[in-house]
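What follows is the residue order along each chain.
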Amino acid sequence: MSKGPISQFIEKYYLHFNSATVVDAAKAYEQQLQNGAKMMVTLAGAMSTAELGKIFAEMIRQDKVQIISCTGANLEEDIMNLVAHSHYERVPNYRDLTPQDEWDLLEKGLNRVTDTCIPEHEAFRRLQKHIHKIWKDAEDAGERYFPHEFMYKMLLSGCLEEYYEIDLKDSWMYAAAEKNLPIVVPGWEDSTMGNIFASYVIKGELKASTMKSGIEYMTFLADWYSKNSNKGVGFFQIGGGIAGLTTAYLLSKAGKKVIVVEDGFIGSGETGRTTAHLSNALDDRYYYLERVFGKEAAALSAESHTAAIDEIEKIIRTEHIDCAFRRVNGYLFLHPSDKEENLDKELEASQRAGISTTLLPKIPTMAGGSDQRCIVFPNQAQFHILQYLSGLAKAITSYGGIIYTEAHAENITKEGATVNGFAFRADYIVVATNSPVNDVLTMHTKQHAYRSYVIAGKIRKGLLPYALWWDTGDMDSKWVSQPYHYARLAEYDSENDLLIVGGEDHKTGQGDEESLLESARYDKLEAWTRERFPMLGDLSYRWSGQIIEPVDSLGFMGKNPGDENIYIITGDSGNGMTHATLGGMIICDSIRGIPNRWQELYSPSRITLSTAIDFLKEAGNMAAQYIDWIGSPDLQNIADLEPGQGGVLSHGIRKIAVYRDYDNKLSAFNAVCPHLGCIVQWNNDEKSFDCPCHGSRFTHEGKVVNGPSIENLRKIRIT
Ligand SMILES: Cc1cc2nc3c(=O)[nH]c(=O)nc-3n(C[C@H](O)[C@H](O)[C@H](O)COP(=O)(O)OP(=O)(O)OC[C@H]3O[C@@H](n4cnc5c(N)ncnc54)[C@H](O)[C@@H]3O)c2cc1C
Ligand code: FES
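The shown structure was predicted, so the numbers you read here are calculated from the model rather than taken from an experiment.

Is there a simple way to explain the state of the cysteines in this structure?
Note on terminology: a disulfide is the covalent bond linking the sulfur atoms of two cysteines. Per the counting criterion, the structure on display carries one disulfide. Here C678 engages in a disulfide with C693; their sulfurs sit 1.8 Å apart. Highlighted residues: C678 in the loop between strand 27 (666–670) and strand 28 (681–683) and C693 in the loop between strand 29 (688–690) and strand 30 (697–699), separated in sequence by 15 residues. The pair formed by C678 and C693 is uniform in burial state, with each residue classed as buried.

What follows is the structure, given as structure tokens:
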């Protein structure tokens, strides 16, 4: 269909920033309708004062709107404009009005909204007797209606004709009445007409029950949604990190209808904390993968991670995402606790897996690296993750997908989920919440949560090449997943680059077992970095994040065990960027019925017997956490708590998590993790309570931020 002049104009001139977003939104709207899906329009305040009806009424007539949600003021303002348009007054200099000027306007019965005064007094002089009669007639007939339905009756009865001051076709309420369009106005009671209705109730002339209530509006909306969402909602994505957005991107590009719901904002999970190495140098080593899964599987995993880096590059090029992507070398060298022979074993295994690795006699550009061998992994990559996510989100919406942020999904079943209290239905559900929130037990026995720490500081441009560096990890560590150091150089500004270095991991909620404060971990990381990169300037950033380590080292992506239409992506490990991308590729193929070479390798239902020892070690570690029920608390007395600190106290047999805020106010919670009952621990770095069993984390206000718990810590009143 050829476009009208307005579409042509905006497509030609609305090219960047907010205006480009207007075009994206318009295209998504168009696509939604072309797919036969329904469209809800929500009106913000004062929209009707802006004579919205001139455009909106036509949209309604052309069936571009199937339901409206708005305020009570929106409803009545359109009718006020219809019957009292000539009494509206514009006040262009409204910013200069004195209190006396404002008072004079009010005295004249004018209600100012920025530069426009609504003549409420005059309008209601014309409307009130008619609407009162309609309310009264309904009550006498024992009938009840919604506020907008009463207004529809008034408009369609023709009783207002004598007052019309604008062309009737510019009233969107009239157009909606003609179509009997559903409107949801939960706060109508607070509008002028709502106040007038209340005055009749106070005088005993009308019963409150004659008007259907805001709650009835909400239940009506829930019913409407359940009945109408079948065609409108196809694929439903929970989680807006790299896993969720990649899956949503691939599905929407393939023409599927996708909805993403993200609890926080895009990238607010672990993806926003990544150091963004894109690598096929898997951190659990190829010689280990060969032992656990066999040589063929090790080669498949190398192939899949290589393909994931290529896929990211392809997406960046196709969607023109400006995110500092570049190909770089990666250098793997021995941790002092590791054996020389392991480097040789990894070189051979990685080559057998199909990667063109080579051995160098020294680590390029690293101080002290001249007598240390390293393996070069060519064709690795790096990028700016948040810029990448932003590009993915933009692409998803341009392909007709919808993204809701601050939208919390719960009660996930094969039909869909409840999101912020509303039922969402979908044919397929992808749970990409890092730690799956749809499953209480199965997946959480196969993987374990670790915290990892990162520092970043400036280095003058040109002193280091852009590259990735990793050591092989501390073999003497008490943890099953040996912590390793990971470093890379990122572009920063015209004079400096940024050296980003991570490591010093420990199991979530168990940091104290190494008697190291979080601040000491950052110090250790800094010392490690300065020894190897002495040109590092002052530190500019530091942060920590959570990594989920699968006990057999490969991520889990595909159908959730026991489910046909629910998919998960989890077990990211230190290679979460590529694992998550692979997850998107595998799930997209599975939903589209396309065979995928890697599907079986990463199946969440797989059982890997050869890692039984590690499995038992982690299970033992988990069981030990329950001993905290009887163990001593980390806090002896509430008085010991400094502002901004938390801890866990014993009160009889109860454990209580307490936090003192910077105003000296104490909050207290049941310290029992709502997931499976471990006792949470205070994390002073993140100011959170962390569960040592499966990695659930809660803010100092008790709100869950990392699953598997889907509930907050239970608040306790203290006196
Ligand atoms: C410090 C650190 C450094 C790392 N460095 C690297 C690296 O260099 N290279 C690499 O490959 N990997 C790295 N990783 C791993 C990688 O960052 C992660 O594996 C990856 O970001 C995980 O992505 P995700 O989409 O699965 O999870 P997330 O980014 O956590 O996304 C999940 C989203 O789901 C949302 N959510 C949760 N529950 C709900 C709910 N009920 N309803 C709606 N939404 C919900 C969350 O708000 C969150 O935004 C690192 C990780 C950390 C912590
Ligand atoms: S996360 Fe499982 S018990 Fe807390």
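Just checking my understanding: could you explain the site of ligand 1 for this structure?
Taken together, 37 residues sit near ligand 1, with E262, T271, T275, D572 and M577 positioned nearest. Interatomic distance of 2.9 Å between a backbone N/O atom of H277 and an oxygen atom of ligand 1. In the environment of ligand 1, a nitrogen atom lies 3.1 Å from a nitrogen or oxygen atom belonging to the backbone of G574. Protein contact buries 95% of the 1000 Å² of open area that ligand 1 shows by itself. Every element with two or more residues in the shell around ligand 1 is listed here: helix 11 (242–253), strand 17 (428–434), strand 22 (539–550) and helix 17 (576–592). Within the shell around ligand 1, the residues separate by chemical class into 13 nonpolar, 19 polar and five charged.

Explain the sheet that holds strand 4 (residues 111–113) here, please?
Hydrogen bonds between backbone groups are what pair the strands of a sheet, and the pairing can be parallel or antiparallel. An order of 3-5-4 is seen for the three strands of this open sheet, with the pairing classed as antiparallel. Of all strands in the sheet, those with a lone pairing partner are strand 3 (89–90) and strand 4, marking the two edges. Looking at chain direction, strand 4 and strand 5 (residues 116–118) are connected through three bridges and run antiparallel. When the sheet's bridge partners are listed, N111 is paired in strand 5 with I118.

What is the right way to read the sheet that holds strand 31 (residues 704–706) from this model?
Read across the sheet, four strands follow the order 28-29-30-31 without closing on themselves; strand pairing throughout is antiparallel. The outermost strands of the open sheet, each flanked by one partner alone, are strand 28 and strand 31. The mean inter-strand angle of the sheet, taken between neighbouring strand axes irrespective of direction, is 35°.

What exactly am I supposed to notice about the packing of aromatic side chains here?
What describes a pair of aromatic rings is the distance from one ring centre to the other and the angle between the planes of the rings. Counted by the stated rule, this structure contains 22 aromatic pairs. Geometrically, the ring pair formed by F9 and Y13 is tilted, given 4.8 Å between the ring centres and 45° between the ring planes. Here the residue F9 and the residue Y13 both occupy positions in helix 1 (residues 5–13), the gap between them amounting to four residues, near one helical turn. Under the relative-accessibility criterion, Y13 is labelled partly exposed at 49%. Put simply, the rings of W135, W188, F197 and Y200 pair up and form one aromatic cluster. For K153, the ring lying beneath its charged end belongs to Y145, and the centroid distance is 4.3 Å. Positioned over the ring face of F146 is K212, at 4.9 Å from the centre of the ring.

Explain empty space enclosed by the protein to me, please; I cannot follow it from the model alone.
Gaps left between atoms show up when a probe the size of a water molecule is rolled over them. Summed over all chains, the structure comprises one cavity of 30 Å³ or more. Of the pockets and cavities examined, the largest cavity occupies roughly 40 Å³. Here the lining of the largest cavity is composed, by residue class, of three nonpolar, four polar and two charged.

I would appreciate a short explanation of helix 15 (residues 385–398) in the present structure.
Spacing of three or four residues puts side chains on the same side of an α-helix, whose turn is 3.6 residues. Spanning 14 residues, helix 15 covers 20 Å between terminal C-alpha atoms, matching the ideal 20 Å at 1.5 Å per step. Along helix 15, the residues that are buried comprise I385, Y388, L389, G391, L392, A393, A395 and I396. Buried residues along helix 15 sit against helix 11, helix 13 (295–318), strand 13 (402–404) and helix 17. Looking one or two residues beyond helix 15, the residue adopting positive phi is G400, at roughly 95°.

Quick question: what am I supposed to make of the environment of R532 here?
Mapped onto the elements, R532 comes out in helix 16 (residues 518–532). Distance in space between the C-alpha atoms of R532 and I548 is 28 Å, their sequence separation being 16 residues. Not counting chain neighbours up to four residues away, the residues in contact with R532 comprise M366 and A367.

Honestly, helix 12 (residues 286–293) in this entry has me stumped. Any pointers?
Most of helix 12 is tucked away, with six of its eight residues classed as buried. Those residues of helix 12 that sit buried are Y286, Y287, Y288, L289, E290 and V292.

Criteria and thresholds
- Residues numbered from 1 in each chain as written.
- Chains lettered and ligands numbered in written order.
- Predicted model: local features only at pLDDT ≥ 70, side-chain atom pairs only at ≥ 80, totals over all residues.
- Heavy atoms only, no water.
- Disulfide = S-S within 2.5 Å.
- Helix = DSSP H or I, 4+ residues; strand = E, 2+ residues; numbered from the N terminus.
- Buried < 20%, exposed > 50% of the residue type's maximum accessible area, 1.4 Å probe, protein only.
- Near = heavy atom within 4 Å.
- Polar contact = N/O pair within 3.5 Å; in protein donor to acceptor, adjacent residues only side chain to side chain.
- Areas by Shrake-Rupley, 256 points an atom, 1.4 Å probe, with all protein chains shown as cover.
- Nonpolar A, V, L, I, M, F, W, Y, C, P; charged D, E, K, R; others polar.
- Pairing = 2+ DSSP bridges.
- Axes fitted to C-alpha atoms, helices over the stretch in contact; angles between N-to-C directions.
- Phe/Tyr/Trp six-rings, centres within 6.5 Å; stacked < 30°, edge-to-face > 60°.
- Lys NZ or Arg CZ within 6 Å of the ring centre and 35° of its normal.
- 1 Å grid on protein atoms, 1.4 Å probe; cavity = no way out; pocket = protein on both sides within 12 Å on 5 of 7 lines; lining within 4 Å.
- Points joined across faces, edges and corners; volume = space filled by probe spheres on them.
- Expected span 1.5 Å × (residues − 1).
- Contact = heavy atoms within 4.5 Å.

Function cannot be read off these values alone, since they describe shape.
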